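# Residue-level structural notes
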2 protein chains.
Amino acid sequence: MTAIEDPGPLRPVTLADIAREAGTSASTASRALSGRGYVSDSVRDRLLAVADRLGYVPNASAQTLKQRTSRVVGVVVSALDNQFYAGLAAGVEQVLREANYQMVLLGDNSDAAEELAGVRTFVAMRTPGVIMTPVGAEASRLLLSHGAAVVEVDRRLSSAPCDAVVIDNERGGREATMHLIGLGHRRIALLGVATEWTTDAGRLKGYRTALRNARIPFDKRLVVRIPVRAPDTEARIEALLDTAAPTAVFAANNALAEQAWRVLRRRGLRIPGDVSLVGFDDVPWMEMVEPQITVVDQPTIELGRSAARLLLRRLHGGPSLAPEVDVLQPRLLVRGSTGAPPG
Amino acid sequence: MTAIEDPGPLRPVTLADIAREAGTSASTASRALSGRGYVSDSVRDRLLAVADRLGYVPNASAQTLKQRTSRVVGVVVSALDNQFYAGLAAGVEQVLREANYQMVLLGDNSDAAEELAGVRTFVAMRTPGVIMTPVGAEASRLLLSHGAAVVEVDRRLSSAPCDAVVIDNERGGREATMHLIGLGHRRIALLGVATEWTTDAGRLKGYRTALRNARIPFDKRLVVRIPVRAPDTEARIEALLDTAAPTAVFAANNALAEQAWRVLRRRGLRIPGDVSLVGFDDVPWMEMVEPQITVVDQPTIELGRSAARLLLRRLHGGPSLAPEVDVLQPRLLVRGSTGAPPG
DNA sequence: GGCCGGTGTGGTTACGTTCCCACAAGCTCG
DNA sequence: CGAGCTTGTGGGAACGTAACCACACCGGCC
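Residues numbered from 1 in each chain as written. Chains lettered and ligands numbered in written order. Predicted model: local features only at pLDDT ≥ 70, side-chain atom pairs only at ≥ 80, totals over all residues. Heavy atoms only, no water.

### Section: the protein's contact with DNA strand C
Test applied: Each residue is tested against the molecule or strand, and it is near if at least one of its non-hydrogen atoms lies within 4 Å. Distance and chemistry together define a polar contact, namely a pair of N or O atoms within 3.5 Å, with one atom able to donate a hydrogen and the other to accept it when in protein, and with adjacent residues in sequence counting only for side-chain atoms on both sides. Helical segments are the DSSP runs of H or I of at least four residues, strand segments are the runs of E of at least two, and each set is numbered from the N terminus. Under this grouping Gly is polar, as are all residues other than the nonpolar Ala, Val, Leu, Ile, Met, Phe, Trp, Tyr, Cys and Pro and the charged Asp, Glu, Lys and Arg.
DNA strand C sits among 24 residues. The nearest are Leu-15, Tyr-56 and Lys-66 of chain A together with Ser-27 and Thr-28 of chain B. Within the side chain of Tyr-38 of chain B, one N or O atom sits 3.4 Å away from a phosphate oxygen of DNA strand C. Considering every element that reaches the surface near DNA strand C, the biggest residue donor is helix 4 (residues 60–67) of chain A, with 4 residues. In terms of residue class, the surface near DNA strand C is made up of 8 nonpolar, 11 polar and 5 charged.

Okay, structure coming up:
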């Protein structure tokens, strides 16, 4: 063994390097840099200086391995490119950052298999908790069985009890429908998603409640539920217009509202002259188009922030805490896309 | 020591558990489950069955610690909620997923300090590579000095040579400006970002080239460069309209195009009757508003995909590979927001 | 018949960190 | 004046995995 060593940046600098350079033991270096345990001020300063000089960055894997938990939380949303989920993730990140946690963001394209694969890597990472917009039941089961905390956001799905933050979808659906009824509509179409998600179920329920209160019979031909990412979404909307002749369309999410808007425009139908349109979840284009779109606005960012807060509370409180479900309130923004029915 | 052990799911199952249960050594179990090295078929099957039954998930921290590298790559973009960056991230994820890599996504709000903090945790994770839309020079320096591969995407910044994928901003800027000149405009405003980013520099350069070719003198009052996330962006655009009286506005990114559009509309200015508008980077609202917005379209998803491919190539090829810079071509989409100048 | 190469397995070590324990000095206080 | 505390430090054992090495067996081949 010669004294020749590779001086290059290839070998990362470790705690042992710092300790040797500062003339202490690795234990002391660890205490100084992690801030846990006794270290005299002079020794601490010396160690910090050396660490800074050598550009020391702790090895997160070693830390996680030793501490059996990490400071990254997983976030899995349905679609990275949907404004709603983007806003949700942004809210989560804000709160997590303040609490000095890291966010790992994953998209699952609303596919249960992709979701499960993503969640599996979170388990592999020994992530202490995961925030998700659930699509399949298996994912949260897997997480829970491995001792990870789960917060469901936007929709609820888990059979096991866990924290969640949702909005009052039923109220949102009811208010949107009542608004249309108040304008004189009786043939109101509902455009929803063909899933078991609580979001759509709630909005549909609100829709039915509003109809019942107004003594308007429920017509199932007016309700179209379209599978996520269906290639023929627009054709289905066309078919709805052809067969059910609604005077108003209530689109239960921002993507469907956009598709409906495009179909209406392509057909040359006037909004709201021929057909009124109400969306759910306000996104920028809705107040840029003419007329502006009446919409049930939901507190997207706050949804993410609440979810993150719930997770942090759980991480500190442990599994004995009773599950908490926060319900946030949506708000109907009446704009120009809704008016009296034709005739 | 009694025989009583905690049977709960709290203690995660390890390779040693699998080995014990299957009656082999940990070495053999490792080989069977990782697929590297000799294992007889019968033993492998037995181990896989046991692993499946016990719900074994490998500890990623232990793996990265041992292997000194991980299969997650870091991605840091300026703004999670901007469609452009979202699309970019989506492209990156597509390619990474196929190659069985994991993406960790981070937003830095175009803030050099936040970027550096994020990058530091990537270093801590021993991430083999990072894809970023750079905002400060320190971040890539830190990564490179720790042996991580860096791919810059959308803009170039690093002083050190590294892989990058950008679009031909100069050409995009030139074509947009030429289009306006061809319609008869001579007072063309440029709305850009007050940074040293190559994106804006390129677009500005293309703008000037087009003017020079057309023998139109450059008027610096027509060029406004607004700091990222400036609270008074709209006021600055108003000021531009007041003092420079342009007949056309070329907004160098989608956010500025949106702001410009809002200001023009609020002022009651007709597009393109009073002022023409060209954007850079096509986003959905641009073809939903009336008139639709003429725009320099860039291959956003492909930008992300290329960046991911470049990173994978680098991870396999090592540091001796010559840096590669891919340049993708933008495309001018002429729509309704541009027309002849008034008068 | 000894040697070699392929096949299959287990023991051991190291990755970088944290944390428990031991220990030592300098106090105070009964 | 020694027991018990506080302050400070170092030794060493984990955490769970992968890789290196040793070894053992079996066939064929010179």
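### Section: the relation of the copies chain A and chain B
We count it as follows: A least-squares superposition brings the copies together, and it is based on the C-alpha atoms of residues with pLDDT no lower than 70 in both. Contact between two residues is taken to exist if any of their heavy atoms lie within 4.5 Å; hydrogens are not considered.
At an RMSD of 0.0 Å, chain A and chain B line up after a rotation of 180° and a shift of 0.0 Å along the axis. As the rotation angle and translation indicate, the two copies are arranged about a two-fold axis. Of the residues that chain A buries at the interface, 100% are likewise interface residues in chain B, meaning the two copies contact each other through the same surface.

### A few points about the pattern of salt bridges
Residue and element names in this part refer to chain A. Under the convention used in this document: Any carboxyl oxygen of Asp or Glu that lies within 4 Å of a side-chain nitrogen of Lys or Arg is treated as forming a salt bridge with it. Whether a residue is buried, partly exposed or exposed follows from its accessible area with a 1.4 Å probe, protein chains only, as a fraction of its type maximum: under 20%, in between, or over 50%, in that order.
Overall, the coordinates contain 52 salt bridges over all chains when judged by the stated rule. For Glu-238, the salt bridge is made with Arg-267, and the minimal N-O distance between the two is 2.8 Å. With Glu-238 in helix 10 (residues 233–244) and Arg-267 in the loop between helix 11 (254–266) and strand 9 (276–280), the pair connects residues that are 29 residues apart, well separated along the chain. Looking at Arg-267, the relative accessible area reads 33%, which means it is partly exposed. Ionic pairing is found between Arg-309 and Glu-302, a salt bridge with its closest N-O pair at 2.4 Å. By relative accessible area, Arg-309 is classed as partly exposed at 38%. Owing to a relative accessible area of 29%, Glu-302 belongs among the partly exposed residues under this scheme.

### What about unusual backbone geometry?
Going from Ile-271 of chain A to Pro-272 of chain A, the amide bond is cis rather than trans, its omega being 0°. By the secondary structure assignment, Pro-272 of chain A is in the loop between helix 11 and strand 9. Between Glu-290 of chain B and Pro-291 of chain B the backbone carries a cis peptide bond, its omega angle lying at -5°. With respect to the secondary-structure elements, Pro-291 of chain B resides in the loop between strand 9 (276–280) and strand 10 (294–297). With a phi angle near 50°, Asn-109 of chain B is a residue other than glycine that sits in the positive phi range. Residue placement: Asn-109 of chain B occurs in the loop between strand 2 (102–107) and helix 6 (112–124).

### Structural notes on the protein's contact with DNA strand D
Looking at DNA strand D, there are 24 residues lining it, with Thr-28 and Ser-40 of chain A together with Leu-15, Tyr-56 and Lys-66 of chain B nearest. In DNA strand D, atoms within 4 Å of the protein come 60% from sugar and phosphate. One of the side-chain nitrogen or oxygen atoms of Thr-28 of chain A is found 2.8 Å away from a phosphate oxygen of DNA strand D. Contributions of two or more residues to the surface near DNA strand D are made by helix 2 (26–34) and helix 4 of chain A together with helix 2 (26–34) and helix 4 (60–67) of chain B. Of the residues contributing to the surface near DNA strand D, the split by class is 8 nonpolar, 11 polar and 5 charged.

### Some remarks on the interface of chain A and chain B
Many descriptions give the size of an interface as the accessible area lost when the pieces come together. Convention followed: When two components associate, each loses some accessible surface as probed by a 1.4 Å sphere; the sum of these losses over both components is called the buried area.
Every contact between the two is made by 43 residues of chain A and, on the other side, 43 residues of chain B. Summed over both partners, the interface of chain A with chain B buries about 4100 Å², with 56% contributed by carbon and sulfur atoms. Contact with chain B buries surface across chain A, with Val-57, Arg-126 and Met-288 of chain A losing the most and accounting together for 16% of the total. Inspection of the chain A/chain B interface yields 4 salt bridges. Between Glu-114 of chain A and Arg-97 of chain B there is a salt bridge; the shortest N-O distance is 3.0 Å. Where chain A touches chain B, the interface holds 13 residue pairs in polar contact (both at pLDDT 80 or more). When contributions to the side of chain A that touches chain B are tallied by element, the ones reaching two or more residues are helix 4, helix 5 (83–98), strand 2 (102–107), helix 6 (112–124) and helix 11 of chain A. Per element, the largest residue contribution to the side of chain A that touches chain B is 6 residues, and it comes from strand 2 of chain A. Each residue belonging to the side of chain A that touches chain B can be placed in one class, and the counts come to 22 nonpolar, 11 polar and 10 charged.

### Re the packing of helix 8 (residues 169–182) of chain B against helix 9 (residues 198–213) of chain B
Residues and elements named next belong to chain B. The criterion, for reference: Angles here are taken between N-to-C directions and fall from 0 to 180 degrees, while the axes themselves are lines fitted to C-alpha atoms, restricted in helices to the stretch in contact. The cut-offs work like this: below 35 degrees is roughly parallel, past 145 is roughly antiparallel, 65 to 115 is roughly perpendicular, and the gaps in between are oblique. Left-handed describes a crossing in which the near helix is turned anticlockwise from the far one by less than a right angle; the clockwise case is right-handed.
At their nearest, the axes of helix 8 and helix 9 sit 7 Å apart, and the two run at 40° to each other. Relative to helix 9, helix 8 is oriented oblique. Handedness of the helix 8/helix 9 crossing: right-handed. Residue-level contacts link Asn-169, Glu-170, Gly-173, Arg-174, Thr-177, Met-178 and Ile-181 of helix 8 to Thr-198, Thr-199, Gly-202, Arg-203, Lys-205, Gly-206, Tyr-207, Thr-209, Ala-210 and Leu-211 of helix 9.

### Details of the nonpolar core
How we decide: We call a set of buried residues a nonpolar core when its members are Ala, Val, Leu, Ile, Met, Phe, Trp, Tyr or Cys and they connect through side-chain atoms within 4.5 Å of each other.
Ranked by size, the top nonpolar core spans 148 residues in total, and within it Ile-131 and Trp-285 of chain A together with Ile-131 and Trp-285 of chain B carry the most contacts. If you look at the next biggest cluster of nonpolar residues, it comprises 39 residues, including Ala-124, Leu-142 and Cys-162 of chain A together with Leu-143 of chain B.

### Some remarks on the pairing of strand 6 (residues 188–193) of chain A
On any regular strand, side chains alternate: one points to one face of the sheet, the next to the other face. Residue and element names in this part refer to chain A. Using the following cut-off: Any two strands with at least two DSSP-identified bridges between them are counted as paired.
Of all 6 residues in strand 6, 6 are buried; the element is thus mostly enclosed. Along strand 6, one buried face is formed by Ile-188, Leu-190 and Gly-192 and the opposite face, lined by Ala-189, Leu-191 and Val-193, is buried too. By the bridge criterion, 4 bridges tie strand 6 to strand 7 (residues 223–226) in an arrangement that is parallel. Paired with Val-193 across the strands is Ile-226, a residue of strand 7.

### Re the sheet that holds strand 11 (residues 325–328) of chain B
All names here are of chain B. Judged by pairing direction, the sheet is parallel, and its 6 strands sit side by side in the order 2-1-3-4-5-11 without closing on themselves. The sheet is open, and its two edges are formed by strand 2 and strand 11, each paired on a single side. Geometrically, the sheet is characterised by an average inter-axis angle of 15° between neighbouring strands, direction not taken into account. As paired strands, strand 5 (residues 163–167) and strand 11 are joined by 4 bridges and run parallel to one another. Among the inter-strand pairings, Val-166 is bridged to a residue of strand 11, identified as Val-327. The sheet strands contacting helix 7 (residues 137–145) are strand 3 (129–132) and strand 4 (149–153), and the helix crosses strand 4 at an angle near 155°.

### Side note on the domain arrangement of chain A
For clarity, the cut-off: Source of the domain bounds: an automatic or database domain assignment.
Per the domain assignment, the segments of chain A are domain 1 (15–58), domain 2 (69–166 + 300–328) and domain 3 (169–299). Distance from the C-alpha centre of domain 1 of chain A to the C-alpha centre of domain 3 of chain A: 62 Å.

### Focus on the side chain of Arg-155 of chain B
Residues and elements named next belong to chain B. By the element assignment, Arg-155 lies in the loop between strand 4 and strand 5. A distance of 3.0 Å separates a polar atom in the side chain of Arg-155 from a polar atom in the side chain of Tyr-85. Apart from the residues within four sequence positions on either side, Arg-155 is in contact with Ser-78, Tyr-85, Thr-133, Pro-134, Val-166, Trp-197, Thr-198 and Thr-199.

### A word on the sheet that holds strand 12 (residues 331–333) of chain A
All names here are of chain A. One open sheet holds the 6 strands; their spatial order is 7-6-8-9-10-12, and the pairing between them is mixed. Looking at strand neighbours, the two that pair on one side only are strand 7 and strand 12, the edges of this open sheet. In this sheet, adjacent strand axes meet at a mean angle of 15° when their direction is disregarded. In the sheet, strand 9 pairs with strand 10 (residues 294–297) via 3 bridges, with the strands oriented parallel. Opposite Gly-279, over in strand 10, you have Val-295 as the bridge partner. Its contacts with the sheet place helix 9 (residues 198–213) against strand 6, strand 7 and strand 9, and it is angled at close to 165° to strand 6. Most of the contacts of helix 10 go to strand 7, to which it runs at about 175°, and overall it touches strand 6 and strand 7.

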